[in-house]
Protein chains: 2
Amino acid sequence: MTTKKRNEELAYEKVKRAIMLRRLLPGQRVTEEWVSEEINMSRTPIRAAFKRMGNEGLLEVVPHRGAFVYNPSDKEIADVFQLRVVLESYAARLVVPKVTQENVRYMEELLAEEMRAYQAKDFEEFMRVNGLIHTYPAKLSENKFLLQQVETLNQWSDCYLILKDEFYTVPIEKVKSIPEHQCMLNAFRDGNIEGMAEAIEAHLLSTLSDLSGKRSVFN
Amino acid sequence: MTTKKRNEELAYEKVKRAIMLRRLLPGQRVTEEWVSEEINMSRTPIRAAFKRMGNEGLLEVVPHRGAFVYNPSDKEIADVFQLRVVLESYAARLVVPKVTQENVRYMEELLAEEMRAYQAKDFEEFMRVNGLIHTYPAKLSENKFLLQQVETLNQWSDCYLILKDEFYTVPIEKVKSIPEHQCMLNAFRDGNIEGMAEAIEAHLLSTLSDLSGKRSVFN
DNA sequence: AATCAATAAATTGTATACAATCTTTGGACA
DNA sequence: TGTCCAAAGATTGTATACAATTTATTGATT
């Protein structure tokens, strides 16, 4: 039997998904009551979900006013990506020296899945796998605090950046994510610590600079 | 007039303080109802505070069971300190190249306050100033995500590590924090980027190793 | 027409009652 | 005596009513 989820968790997932799918836009006001009617549950679990998203930087919760979908500035977006460089490459440095064949096979499988999702134009699946690739080193590090932070920042990035209209129309050979992830995988496989750290940095900064030219698409 | 705080915020502060002062011990179970009676408010704001502390790693909230004061293993404590090294030295690298005289003066003032608090054996004040010293570079970095993370990890450290029985009895010349902070200040003043990063790393790892020998005092 | 104050409306903040779920206890049965 | 099941107890999860606070509206006054 599939585990019965609490409403609080459901509410969190639904609102997050709404932001990712751009049904809720940055800066938009969202009231507890509205969500409560929309997904048919009381304000109590909605409220808890709002608070959690506030902590994670997805919503801006203003006392007695309401919640607003976070509307990051260019600087804040850059800040998050630079922090991701620091944390994700730190995770890589911890992990690369002791990767096993199993780890490499799993990483290869992730890359293959990502490719399949891309070719099938399955956007949500693509994003899911992308997240798994980026958090995998942190997961292997067994530092739960590091992992949690990397996951939160990845999710934040997903909500505000990766979802481009052009995603569906760019020809596959121009998608830089896939070769850049391949580059990370190679260093990972070879036990090349600095190579992995550099590949992560290059990939994240490349993603950032690609996106910053297209900010008008989002706001 | 002093701003009227929401009960939710009050509950958060009170429970956190109870953990810091070791009135609530690691591993101890804490129920919403008990806190609710203890500080005389309904379960609603308590519950919100619990969730927040769960996100920050101060409580472990188990569905339908209750909340437990987090009881970190040696490894988890080390993990947090190593993460602090990464983040606090990253903040220093960002900030040191552009410190102003004003920044230096403020940092000097913090060190002086810390010394006063120590000599007055004012523990809570000492901890407060210690926190300000460690978060100052992140504050100057103007990366709010970095700052929030550094603050959360500092607070976590405070709750689980720094509060030693011996604090009151150690002779002042043996307290390594103060000279180590002085070392950080010197690099900060001189614009010595790597010196600052190294001083931070040395200080945090020294604190960690001092404490890990004394774990029996806590658990 | 502009400004300000008072009042109404909207929304979050809190309290409380009840439901769902987990844990423990007690006893029947092998 | 040990094991399993059922029922009771304890605690969180959710719904709802009401209070507090902020924002919007209205109208009087200049």
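Residues numbered from 1 in each chain as written. Chains lettered and ligands numbered in written order. Predicted model: local features only at pLDDT ≥ 70, side-chain atom pairs only at ≥ 80, totals over all residues. Heavy atoms only, no water.

J.: Got a sec to walk through the packing of helix 4 (residues 74-95) of chain B against helix 6 (residues 123-141) of chain B? Specific residues and values, please.
T.: Residue and element names in this part refer to chain B. With their axes 8 Å apart at the nearest point, helix 4 and helix 6 run at an angle of 50° to one another. Comparing the axis directions of helix 4 and helix 6 gives the class oblique. Helix 6 is crossed by helix 4, and the crossing has left-handed handedness. Contacts between helix 4 and helix 6 pair Arg-84, Glu-88, Ala-91, Ala-92, Leu-94 and Val-95 from the former with His-134, Pro-137, Ala-138, Leu-140 and Ser-141 from the latter. Along the lines of polarity and charge, the residues of the contact of helix 4 with helix 6 split into seven nonpolar, two polar and two charged. (Axes fitted to C-alpha atoms, helices over the stretch in contact; angles between N-to-C directions. Helix = DSSP H or I, 4+ residues; strand = E, 2+ residues; numbered from the N terminus. Parallel < 35°, antiparallel > 145°, perpendicular 65-115°, else oblique. Left-handed = near helix turned anticlockwise from the far one by under 90°. Contact = heavy atoms within 4.5 Å. Nonpolar A, V, L, I, M, F, W, Y, C, P; charged D, E, K, R; others polar.)

J.: Hey, could you go over the pairing of strand 3 (residues 66-69) of chain B for me, with residue numbers and the actual values?
T.: Look at any regular strand and the pattern is simple: side chains alternate between the two faces of the sheet. Residues and elements named next belong to chain B. Of the two faces of strand 3, the one holding Gly-66 and Phe-68 and the one holding Ala-67 and Val-69 are both buried throughout. For strand 1 (residues 29-30) and strand 3, the ladder comprises two bridges, and the chain directions are antiparallel. Looking at strand 3, one finds that Arg-29 is bridged to Phe-68. By the bridge criterion, four bridges tie strand 2 (residues 59-62) to strand 3 in an arrangement that is antiparallel. Within strand 3, the residue paired with Leu-59 across the bridge is Val-69. Counting the residues that bridge the hairpin from strand 2 to strand 3 gives three residues, and of these His-64 lies at a positive phi of roughly 65°. (Buried < 20%, exposed > 50% of the residue type's maximum accessible area, 1.4 Å probe, protein only. Pairing = 2+ DSSP bridges.)

J.: Before we move on, could you go through the environment of Glu-124 of chain B and cite the residues and values that matter?
T.: Residue and element names in this part refer to chain B. Structurally, Glu-124 can be placed in helix 6. Assessed through its relative accessible area of 37%, Glu-124 is described here as partly exposed. Spatially, the C-alpha atom of Glu-124 lies 9.3 Å from that of Met-20, the residues being 104 residues apart in sequence. Apart from the residues within four sequence positions on either side, Glu-124 is in contact with Arg-17 and Leu-21. At 2.9 Å, the side chain of Glu-124 and the side chain of Arg-17 are in polar contact. (Polar contact = N/O pair within 3.5 Å; in protein donor to acceptor, adjacent residues only side chain to side chain.)

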